[in-house]
Amino acid sequence: MRAKPSIYLFLLPGGLIFLIFFVVPTIYGLSLSFTNWDGLSPQLQFIGFANYAHLLTDDSSFHTAIGNTLKFVLTVVIIQSTLSLILAIYLLKNTKVNIFLRTLYFFPTILSSVSVAFIWMFIYDSNIGILNTLLGDVGLQSLQASWLGDQRMAIYCIAATEIWAHTGQLLIIYLAGLQQIPHELYEVAMLEGASRWQTFRKVTWPLLAPATTIVVAYTTIQSFRMFDLIFAMTDGGPGNSTEVLATYIYHQAFQYNHVGYASAVSMLFMVIIALITMAQFGLLRFRSLKSA
Amino acid sequence: MRFLRIPVIWAYALVIAVPVLVVVESSFKSLATLYQDPLWPTKGMSGQSYQTLTSQVPLFRYFMNSAEVTVVSLILIILLGSMISYAILRLPRIPSMIVYGVFAVGMMIPTQVNMIPMYLEMARLGLVNSRIGLILVETAFLLPICVFIIGGFMRTLAKELLEAAKVDGSGEWQMYWRIAMPLSMPAIASAAVFAGVIVWNDLLFPLLLIKSNDKDTLPLALLSFSGQYQTNYPVIFAGVLLASIPMVVLYVFLQRYFIAGMTAGAVKG
């Protein structure tokens, strides 16, 4: 059944908006990354790969941002994927209590990051924060800290906030994966006298591989591009201890007017995200081939 | 580790619920009583901070700004996204794959990559500080993911339905509007929830594009009045709560759609 040529008209309105507001800026950004433009002056110079060379070799604040991003990503990915898997296994059955708890866990996902940021700034507040108050109440004054005000701890505190906000969402992805595992396999495992741990290792874990890949890739990308929470909670501080790639780009472009330079950071950022995404697809295909 | 199940699931329930409850409670305290006892209810709780907030901040206007941006963007995203999905379904093989490929690549490019050139382009087009500009940008950035959700679903529709309509002499528009779109409602609902939550809660694009206070969306307004009230948590929390109410109400009534939609977005993204 051939479509009429008029079918191309269906692409027109959406395609135009996408072209003007997405494709054009992306290409424009690539060309800006080869300039030293400040975003204001009328003339700009093409400086070849100088921005990239400077970034990779001697911009220490960029390297700090990379380091902070990695700390943040690793903390979030490891804890969030593990926690959401454990909780998904615990809440697998569709009982009333489990459905209620899933709904509760999911709840923070619908809040804006700005709201989540305020809730957690109150938790971490060094004077009247919930965390320090609770620690004081149970006699653990020695563990009280200034949390977001502490250069070493701040990035991990924000990571904890991100974990709080999105674990419930990842739980649902794991749940969908778990519910697809045929029940007979568990019955066989039980008949064979397998322990719970063996059943998990030999049945659940391998069959859950697609869900795990999705969860890990999604969390990795989401935490790599984290902007809102950090912008609202610390804006990169104290010092530059919570400056990550996304806030670094924003600050370079809109605070210091290093538009050309920030564009170069954006392009590196895009390459990193693209590599992760391709690794995800590759891994998924590899695993589905292996299990086929 | 079955014995850990009950303690773990209820402990985590507390981790989620306690901060939210304390925030609700704190919004009814005064700053002084909050300092006395940040955790437990105190005497003399009142709606004072709500009064302070609503008398000094035009919250209703911000609410309407957010609502306008979200509703118009959603209509555009769903309409244009489902039209593109339909075209992908009907186009000859090669053009169809090209269109699909372009949107697949688009999905991989994070917002933060485009923010600088997008801002400069908007400035040149005179679309900075206009809601229309914000709407068009939100639409462009969310189209790829919605094409994935809706297009992926449309592919599973029975070809016979469209063929039957074709025999009846229906044009492409009628086949889209009368058959493909209504049958794709589950996917459209998912895409709408996913895009709706993102646009409603978005901070980055409004932060970049909205320059005058009276056009602020709720998240942007929250951020700017938190600067004004510093650590006056009761007032800030009153704002957080009022700003969250629409989503919370929708979530309570449409849980299933929210969970399905947000997850569909995550899995495809």
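Everything numeric in this text was worked out from a predicted model, so none of it was measured. (Residues numbered from 1 in each chain as written. Chains lettered and ligands numbered in written order. Predicted model: local features only at pLDDT ≥ 70, side-chain atom pairs only at ≥ 80, totals over all residues. Heavy atoms only, no water.)

S.K.: When you look at the overall build of chain B in this model, what are you seeing that I'm missing?
M.R.: Tallying secondary structure elements over chain B gives 13 helices and zero strands in all. Beginning at the N terminus, the succession of helices and strands in chain B can be written as α-α-α-α-α-α-α-α-α-α-α-α-α. Dimensions of chain B along its principal axes, counting C-alpha atoms only, are 75 × 60 × 30 Å. A buried classification covers 55% of the 269 residues belonging to chain B. (Helix = DSSP H or I, 4+ residues; strand = E, 2+ residues; numbered from the N terminus. Buried < 20%, exposed > 50% of the residue type's maximum accessible area, 1.4 Å probe, protein only.)

S.K.: Where do I start with the overall build of chain A in this structure?
M.R.: Secondary structure summary: chain A contains 13 helices and zero strands in total. For chain A, the sequential pattern of α-helices and β-strands runs α-α-α-α-α-α-α-α-α-α-α-α-α. Its C-alpha atoms give chain A principal-axis dimensions of roughly 75 × 75 × 35 Å. Looking at chain A residue by residue over its 292 residues, the buried ones come to 52%.

S.K.: How should I be thinking about empty space enclosed by the protein in this particular structure?
M.R.: Empty pockets left among the atoms are what a rolling probe the size of a water molecule brings to light. By the definition in use, this model includes seven cavities of 30 Å³ or more. Each pocket or cavity is described by its volume, and for the largest cavity that value is around 80 Å³. For the largest cavity, the full set of lining residues is Ile110, Leu111, Ser112 and Ser115 of chain A together with Trp200, Asn201, Leu218, Pro219, Leu222, Ala243, Ser244 and Met247 of chain B. For the lining of the largest cavity, the secondary structure elements donating two or more residues are helix H10 (185-201), helix H12 (218-229) and helix H13 (233-268) of chain B. (1 Å grid on protein atoms, 1.4 Å probe; cavity = no way out; pocket = protein on both sides within 12 Å on 5 of 7 lines; lining within 4 Å. Points joined across faces, edges and corners; volume = space filled by probe spheres on them.)

S.K.: Is there a simple way to think about the nonpolar core in this case?
M.R.: The nonpolar side chains of a soluble globular protein tend to be buried with one another. Tyr105 of chain A together with Tyr86 and Leu208 of chain B are the most contacted members of the largest nonpolar core, which has 189 residues in total. Counting residues per element, this core draws most heavily on helix H7 (residues 131-154) of chain B, at 15 residues. The contact partners of Leu208 of chain B, leaving out residues within four places of it in the chain, are Tyr250 and Phe254 of chain A together with Met115, Met118 and Tyr119 of chain B. (Core = buried A, V, L, I, M, F, W, Y, C linked by side-chain atoms within 4.5 Å. Contact = heavy atoms within 4.5 Å.)

S.K.: Is there a simple way to think about the pattern of salt bridges in this case?
M.R.: Two side chains that carry opposite charge are able to pair once their charged atoms sit near each other. Residue and element names in this part refer to chain B. Tallied over the entire structure, the rule returns three salt bridges over all chains. Where Arg90 meets Glu172, a salt bridge forms, and the shortest distance between an N and an O atom there is 2.8 Å. Residue Arg90 is found in helix H4 (residues 59-90), and its partner Glu172 is found in helix H9 (residues 172-183); the two are separated by 82 residues along the sequence. The burial state of Arg90 is the same as that of Glu172; both residues are buried. (Salt bridge = Lys/Arg side-chain N within 4 Å of Asp/Glu carboxyl O.)

S.K.: Teacher, can you tell me more about the packing of H7 of chain B against H10 of chain B here?
M.R.: A pair of packed helices can be characterised by two numbers: the angle between their axes and the separation between those axes. Residue and element names in this part refer to chain B. Relative orientation of the contacting elements H7 and H10 amounts to 155°, with a least axis distance of 9 Å. In this view, H7 runs roughly antiparallel relative to H10, as classed from their interaxial angle. For the pair H7 and H10, the crossing hand works out as right-handed. Contacts from Glu138, Leu142, Ile145, Cys146, Ile149, Ile150 and Phe153 of H7 reach H10 at Pro186, Ala187, Ile188, Ser190, Ala191, Phe194, Ala195, Ile198 and Val199. Considering only residue class, the contact of H7 with H10 consists of 14 nonpolar, one polar and one charged. (Axes fitted to C-alpha atoms, helices over the stretch in contact; angles between N-to-C directions. Parallel < 35°, antiparallel > 145°, perpendicular 65-115°, else oblique. Left-handed = near helix turned anticlockwise from the far one by under 90°. Nonpolar A, V, L, I, M, F, W, Y, C, P; charged D, E, K, R; others polar.)

S.K.: Is there a simple way to think about the confidence of the model for chain A in this case?
M.R.: Low-pLDDT stretches of the model should not have their predicted coordinates read in fine detail. Predicted confidence across chain A gives a mean pLDDT of 88, with 97% of residues reaching 70 or more. When pLDDT is averaged over each helix and strand of chain A, the minimum, 81, is found for helix H13 (residues 259-291) of chain A and the maximum, 94, for helix H3 (residues 60-90) of chain A. (pLDDT = per-residue confidence, 0-100.)

S.K.: How should I be thinking about the environment of Ala65 of chain A in this particular structure?
M.R.: Residue and element names in this part refer to chain A. When you line up the elements, Ala65 lands in helix H3. The spacing of Ala65 and Ala246 is 181 residues in sequence and 8.9 Å in space, taken between C-alpha atoms. Non-local contacts of Ala65, meaning those with residues more than four positions away in its chain, are made with Glu243, Val244, Leu245 and Tyr248.

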